[in-house]
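An overview of the molecular structure
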Amino acid sequence: MPAALKKLEQLHFDNSFVNSLPADPESENFPRQVFSACYSRVVPTPVSNPQLLACVSEVAELLDLSALSCESELFTQTFSGNHLLPGMDAYASCYGGHQFGHWAGQLGDGRAINLGEVINAKGERWSLQLKGAGPTPYSRNADGLAVLRSSLREFLCSEAMFHLGVPTTRALSLITTGERVDRDILYNGNGAPEPGAVLCRVAPGFIRFGNFQLLASRADLGLLKALLDYTIRTDFPHLGEPSTPVYLAWFEEVCRSTAELMVHWMRVGFVHGVMNTDNMSVLGLTIDYGPYGWLEGYDPGWTPNITDAEMKRYRYGNQPQIASWNLARLADALLPLIESIEPLQQAISSYAATYEKGWRVMMRSKLGLIGEEEGDEPLTHELLMILPLVETDMSIFFRKLADIRSDSDPDQLSSDQLIAPLLDAYYDLGSLDSDYRNRFATWMRSYMLRIREQKISDADRRQQMNAVNPKYVLRNYLAQQAIDKAEAGDSSMIYELLELLRHPYDEQPENEHYAAKRPEWARNRAGCSMLSCSS
Ligand code: AMP
Ligand code: MG
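The structure displayed is predicted, hence computed values, not measured ones. (Residues numbered from 1 in each chain as written. Chains lettered and ligands numbered in written order. Predicted model: local features only at pLDDT ≥ 70, side-chain atom pairs only at ≥ 80, totals over all residues. Heavy atoms only, no water.)

A few points about the coordination of the magnesium ion (ligand 2)
Here is the rule we go by: For Na, K and Ca the donor cutoff is 3.2 Å, while for all other metals N, O and S atoms must lie within 2.8 Å; water is not among the atoms, so some sites may look incomplete. Any residue under 20% of the maximum accessible area for its type is buried, any over 50% is exposed, and the rest in between are partly exposed; the area is computed with a 1.4 Å probe on protein chains only.
Taken together, the protein donors to the magnesium ion (ligand 2) comprise Asn279 (OD1) and Asp288 (OD), at separations of 1.9 to 2.2 Å. By the burial criterion, asparagine 279 is buried, and aspartate 288 matches it.

As C-alpha cells, then:
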C-alpha cells in the first residue's frame, strides 16, 4: 500500500460550500421552502442493517483512501449514513429547476445528502454525496430513499461513463440498507416493497443550473452573486477573480463543457432521460442517473423514460437542442448579474458552434475518416438517414464498420457482399428489403472509396475507430440482469460488469456475449427498455 493512502479517519475535509455560503437557520428536518440560503444542514437517517454490495477502489484512491479501508465496518457505517466522520458537515443543497420545460420552483436535494469535501494529496477537491440516505427539507412529499434497482443502475453507469471518457460524477460505494422501500415502478398502482440502498457519489462539485435559477427566480441577487463568486473561485479559479467579464467567461465555459458533454453522449449512444435543468451540472458532468438508457437500435427518437413517452422531449436526437435550451435558462438566471443580454446570447450561439464542430469531428472519427473532405458531410448524413430505417444496433454497427477492408474495389462487389460484414448489427434480417440493401450498398461504396484514398492501413484505421466506438456499453438489459441477481442476493454480476466496463473499447474475447444484441425477451421488459422516474 503506498504510504500516501489513508484510513477513513484521516481524510482531510475542507467544506468550502458550507463555509462560504449562508445556511438555512432552521435546523429541524421537515419539508419547507428555504429562502436566503444555499443549503440546509441535515444528517442522514440511520439504517438497520447496512451491507456493502460494491465499492470502487479507484474512486477510493481519488480520496487517498486505501482499498483496505473500504472493507472496514466503519466504511459501511459511514457510507450508509449511519456515521459521520470527523470533519464531515452534512447538508442538502437548495436548487430549483425547469422540469420537462416548465418552471418547477424549489426542488433541492430531496434525497441527496452531502457529507463534505475531501482535499486529496494532489490538492484536488472531491465532494462526497449520499443518495437515498433519508429525507431532507427538500424532500417535499417523498421519502428521501432510493431502491437497490436505481442505485445499482447509477453505480454501474457512472463508472461505465467514466471509462468511456465521458465527463461524469463517479461512484464510491453501493450499500443495501436492510430496509424495504415502497415503489410503484410503472406508476400503475402496483406499488411493491423493494430493497433499499444508499449510493455514495463523488464529484468535484454538485452545483446545477438550478442552483442559480432558484435564486434568480426569487430575485435574491446578493446570494446569486455570492454563489457565482463561490463557484468561480472554487471550481473555475483559472478564470480569475469574479467580475462581470469573468461571469461571462464562466458562462461561456459552461456552454463549452456542456457542448462537449453532448458530443460524448451522442458518440456513445447514451440517453439521459431527464435533462431537466436541475439535472445539469455547471461542471459539464453527466449527473443524476435516473431513467437513462443506451441506444440499442439506432433511433434518434428513442427515450427509455416512460414519463416522457408522449412528448419524447429528452429523446436521444433532441439532447443537444435541450442542452441549448437549458443553457438559455441558465443565461436568464445570470442576466441580472451581467445586465446585457447580447453577450449571453452570443455564448449560447457559441454552444451551437462548439457542438456542431465537435459533432463533425466526432462523427468523422467514428467513421474512421482522416482529415476533412467535402463529401464527408453528405456521407455522414446519409448514414444517419439509413441507420434508423431498420433496427440496427449502434454499438455493433460501428465496431463492424471498423473491420471493413479497403483492398477490394467496391464497384466490383454486389449489394449483398457490401452489406455482409455488417449483418451482425441488424435485429431482423428479414427487414433488409432490396430497397434498403441497395441504398446501404450505395452508401458503402462511397464510404469505401473515401477510405481507400486514405494513406492509412486498415489495421490502423480499425484501431482509431475502435478507440471512439465502444464495444461494451451498459446495455439496458445487462443492468437489469445485474439488478435481478443482486435482488436475489447475488452481487457477483456487479463486479463482473464493473470490470468489463473498465475497458469498454478493448476486445475482450472472453466477454463477447456482453457485446451481443439485446435479446428478444428484453425488448419490452420494464427496466430494460421502459424506465420511470420511480427510483
Ligand atoms: P430527479 O428527477 O431524480 O432528478 O428528482 C427531481 C427532484 O425530486 C429532486 O429535487 C429530487 O431530490 C427529488 N426526489 C426524487 N426522488 C425523491 C425521493 N424519493 N425522495 C425525496 N425527493 C426525491
Ligand atoms: Mg435530479
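Still to come is the rest of the account.
Notes on the pairing of strand E7 (residues 125-131)
Let me state the cut-off plainly: Numbering of helices and strands starts at the N terminus; helices are DSSP runs of H or I of at least 4 residues and strands are runs of E of at least 2. Paired strands, as defined in this entry, are two strands with at least two bridges between them according to DSSP.
Summarising burial for E7: six of the seven residues are buried, a large majority. In terms of strand pairing, strand E6 (residues 112-119) meets E7 through seven bridges, oriented antiparallel. By the bridge assignment, isoleucine 113 is partnered in E7 with leucine 130. Counted between consecutive antiparallel strands, the loop separating E6 from E7 contains five residues, among which glycine 123 sits at a positive phi close to 85 degrees. With five bridges connecting them, E7 and strand E9 (residues 192-203) associate as antiparallel partners. Bridge pairing in E9 links leucine 128 to valine 202.

Notes on the domain arrangement of the protein
It is common to give the size of an interface as the accessible area that goes away when the parts come together. For the record, the criterion: Annotation comment: domain bounds sourced from an automatic or database domain assignment.
Partitioning the protein into structural domains gives domain 1 (8-209) and domain 2 (371-453). Domain 1 and domain 2 are separated by 45 Å when their C-alpha centres are compared.

Things to note about the site of ligand 1
Definition in use: Residue proximity to a molecule or strand is established when one non-hydrogen atom of the residue lies within 4 Å of it. Polar contact is the term for a pair of N or O atoms within 3.5 Å; when the atoms are in protein, one must be able to donate a hydrogen and the other to accept it, and sequence-neighboring residues count only if both atoms are side-chain atoms. What sets the accessible areas is the Shrake-Rupley method with a 1.4 Å probe; for residues, cover comes only from the shown protein chains. Here the nonpolar group is Ala, Val, Leu, Ile, Met, Phe, Trp, Tyr, Cys and Pro; Asp, Glu, Lys and Arg are the charged ones; every other residue, Gly included, is treated as polar.
What surrounds ligand 1 is a group of 17 residues, the closest being Gly108, Gly110, Arg140, Gly144 and Asn279. Between an oxygen atom of ligand 1 and a main-chain N or O atom of glycine 108, the distance comes to 2.6 Å. Interatomic distance of 2.9 Å between a side-chain N/O atom of asparagine 279 and an oxygen atom of ligand 1. Considered on its own, ligand 1 offers 480 Å² of accessible surface; in the complex 82% of this is hidden by protein. The residue makeup of the shell around ligand 1, split by class, is four nonpolar, six polar and seven charged.

Focus on the environment of leucine 199
Along the chain, leucine 199 falls in strand E9. Look at leucine 199 and you get buried, because its relative accessible area is 1%.

Description of the side chain of glutamate 154
Quick reminder of the rule: It only takes one pair of heavy atoms within 4.5 Å for two residues to be counted as in contact.
Within the secondary structure, glutamate 154 sits in helix H5 (residues 148-164). In this structure, glutamate 154 is in contact with Lys131, Thr169, Leu199, Arg201, Asp288, Tyr289 and Tyr292, ignoring residues within four places of it in sequence.

Observations concerning helix H10 (residues 341-367)
Keep this limit in mind: Here the expected length of a helix is defined as 1.5 Å per residue gap, with one fewer gap than residues.
The end-to-end C-alpha separation of H10 is 39 Å, in line with the 39 Å expected for 27 residues at 1.5 Å each. Turning to H10, its buried residues number three or more, namely Pro343, Leu344, Ala347, Ile348, Tyr351, Tyr355, Trp359, Met362, Met363, Arg364, Lys366 and Leu367. Turning to H10, the residues buried within the fold contact helix H8 (244-268), helix H9 (319-338), helix H11 (376-386), helix H12 (394-402), helix H14 (434-452) and helix H15 (458-466). Of the residues trailing H10, glycine 368 is marked for its positive phi of about 75 degrees.

Digging into unusual backbone geometry
Even without being a glycine, arginine 140 presents a positive backbone phi close to 50 degrees. With respect to the helices, strands and loops of the structure, arginine 140 is situated in the loop between E7 and H5. Phi at aspartate 288 takes a positive value of approximately 60 degrees, unusual for a residue other than glycine. Relative to the elements of secondary structure, aspartate 288 occurs in the loop between strand E10 (270-271) and strand E11 (293-294).

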